[in-house]
Amino acid sequence: MATVDLGFPRPAGLPGPRPGDVSGAPPSFHVLAKPTGAICNLDCSYCFFLSKEELYPGSGFRMSDDLLTLYLRQLLESHAGPDVTVAWQGGEPTMMGLDFFRRAVDLVAELARPGQRVEHTMQTNGTLIDDQWAAFLAEHDFLVGISIDGPRELHDAYRVDKGGKPTFDRVIRGLDRLKAHGVRWNVLTTVHRANENHGLEVYLFLRDDLGTEFVQLIPIVERPSPGGIPTGDQVTERSVSPAGYGRFLVEVFEEWVRRDVGTVYVQMFDSTLASFAGVPGSLCVHSETCGTAVALEHNGDLYSCDHFVEPDYLLGNIRQRHLLELIASPQQQAFGNAKRDSLPAYCRACDVRFACHGGCPKDRFTMTPDGEPGLHYLCQSYQDFFRHVDPAMRVMTAALRSGRDADEVMAWVERRHRRSAGLAVVDQGAAPGGLV
């Protein structure tokens, strides 16, 4: 029996199936819940999600209390292991107000099984964070991601409010509140046409001015989206250029690998190191398959991925079918496997495939050099970056496999730099793995 779907809606209070009841269900998965749907108090020029509002004409775009209860119950009972992440995103989730999240935290405490460890996370633009919000987030140990695109002029290029006004000062004010209350936080920085040639400047601002220790660097690849559905092979003028993301990453990497290994964590670099070490990384973008990171809309609709909130990728609604059944469905399994199975021959033969895996399918809309469709828009960036970091990644991998720390790569980089500059080098032995 593939599932325990009963063929009719379950009442909100009726527990759904346990992990062992659903064939093919993953032991864990990640849900990005969007309690306000696409509704946001900002109007960022490049935001791919704002147009998703068109999918729900007439909606009030607020998750109801009964759906909140149903969702959290299904999420908690669906995980086979002890660790569960309750992740909120948008739109802008803080527009739901504090009372909604107080109820969510209370419900998690009530519904969690003995031994379950629950982490609360939220991605926010930060503009609505005040002392009351920050105190709540600190009290419940939320991990908060805050969106900042660099120094003022780079951040404000596209991150504006509904009146077209800049948002930098409001974001920094919100971040200052988080810091003052001891909230755990990290930064999500998008890389686009305005900042793609300022990699080092952006990184130094995040590290030195803000004190960031955890960074995500996300490329903006924006296609026209009439009706909320991307079409064609053209991108907007705001999108990062095909080679620009790679240049940005290399510029940041060169600073990071000299000074910050072990003290600043850049998600792309951590994921790359995992690929070189032969273990699963944290980025679904560069995993061989996907399908265990889904998106929940404000009305209970579940979609295959945050980047595929489109009618063709609607798995169902958790009011009618249990969350775990939808994730384990043949439709979702096919979606996840297609990431690997649809790679063009050019990608399958590529020397950096083990680290790249063709990138996210949402951006595979260009042609390979031999005319086959399905090449990622950022293929040049990925090739440039993965090949550039190859020597240093191999040094770090060798160190980790020998039980040493990856940060010894910084000394290796310094020795290599001094040799290339013709300076005297104190020989401290060969680099791990025979690299010099």
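These remarks concern the structure in this document. As the structure is a computational prediction, the values presented were derived from the model and not from experiment.

**Side note on the sheet that holds strand β2 (residues 83–88)**
Read from one edge to the other, the open sheet built from 10 strands follows the order β7-β6-β5-β4-β3-β2-β1-β8-β9-β10, with strand pairing classed as mixed. Edge positions in the open sheet fall to β7 (265–266) and β10 (314–317), since each of these has one partner strand only. Running over the sheet, helix α1 (residues 65–78) touches β1 (30–33), β2, β3 (117–124) and β8 (293–296) and is turned about 150° from β2.

**Points about the nonpolar core**
The biggest cluster of nonpolar side chains holds 99 residues, and the ones touching the most others in it are Tyr71, Leu72, Trp88, Leu137, Trp256 and Val409. Ala38, Phe61, Tyr303 and Val309 belong to the second-largest nonpolar core, a separate cluster that totals 7 residues.

**A word on the pattern of salt bridges**
For side chains of opposite charge, pairing can occur when their charged atoms come near one another. Evaluation of the coordinates by the stated rule reveals 25 salt bridges. The partner of Arg152 in a salt bridge is Asp169, and the shortest N-O contact between them spans 2.7 Å. A residue pair is termed long-range when its members are at least 10 positions apart, and Arg152 in helix α4 (residues 152–155) and Asp169 in helix α5 (residues 168–180) qualify at 17 residues. Judged by relative accessible area, which is 41%, Arg152 ranks as partly exposed. With its nearest N and O atoms 3.0 Å apart, the salt bridge here joins Glu255 to Arg259. Here Glu255 and its partner Arg259 are both found in helix α7 (residues 244–259), 4 residues apart, which amounts to about one turn of the helix. Three or more residues joined by partner-sharing salt bridges are found here, namely Arg207, Asp208, Glu255, Arg259 and Asp260.

**Some points on the packing of aromatic side chains**
Counting across every chain of the model gives 24 aromatic pairs. Centre to centre, the rings of Phe101 and Trp133 are 5.7 Å apart; their planes meet at 65°, and the pair counts as edge-to-face. In this pair, Phe101 sits in helix α2 (residues 98–111) while Trp133 sits in helix α3 (residues 131–139), placing the two residues 32 residues apart along the sequence. Accessibility expressed as a relative area gives 0% for Phe101, which makes it buried. Judged by relative accessible area, Trp133 falls into the buried class, the value being 6%. With a centroid separation of 6.0 Å and 45° between ring planes, the pair formed by Phe168 and Phe205 is classed as tilted. A residue pair is termed long-range when its members are at least 10 positions apart, and Phe168 in helix α5 and Phe205 in helix α6 (residues 199–209) qualify at 37 residues. With respect to burial, Phe168 and Phe205 carry one shared label: buried. A network of ring pairs unites the aromatic residues Tyr71, Trp88, Phe100, Phe101, Trp133, Phe136 and Phe142 as a single cluster. Geometry around Phe49 places Lys34 over its ring, the cationic atom sitting 4.0 Å from the centre.

Here is what the cut-offs are and how they apply
Chains are numbered independently. Their residues run from 1 in the order of the written sequence. In view of the model being predicted, local features appear only for residues whose pLDDT reaches at least 70, and side-chain atom pairs are presented and counted only at 80 or more, with totals across whole chains, interfaces and linings using the full set of residues. As a rule here, side-chain values come from all non-hydrogen atoms in the structure, and water together with hydrogens is ignored. In this analysis, strands are considered paired if DSSP registers two or more bridges between them. What counts as a helix is a DSSP run of H or I of at least four residues, what counts as a strand is a run of E of at least two, and both are numbered from the N terminus. By the convention used here, residues are in contact when the closest approach between their heavy atoms is within 4.5 Å. Interaxial angle, 0 to 180 degrees, is taken between N-to-C directions of lines fitted to C-alpha atoms, where a helix line uses only the stretch in contact. Here the nonpolar core consists of buried residues drawn from Ala, Val, Leu, Ile, Met, Phe, Trp, Tyr and Cys, with membership extended through side-chain atoms lying within 4.5 Å. To sort residues, take the accessible area from a 1.4 Å probe on protein chains only and compare it with the maximum for the residue type: under 20% means buried, over 50% means exposed, and anything in between is partly exposed. Whenever Lys or Arg places a side-chain nitrogen within 4 Å of a carboxyl oxygen from Asp or Glu, that contact is recorded as a salt bridge. Pairing of aromatic rings covers Phe, Tyr and the six-membered ring of Trp, with a centre-to-centre limit of 6.5 Å; geometry is then stacked below 30 degrees between planes, edge-to-face above 60, and tilted otherwise. Consider the ring centre and the ring normal. A charge sits over the ring if Lys NZ or Arg CZ is within 6 Å of that centre and within 35 degrees of that normal.

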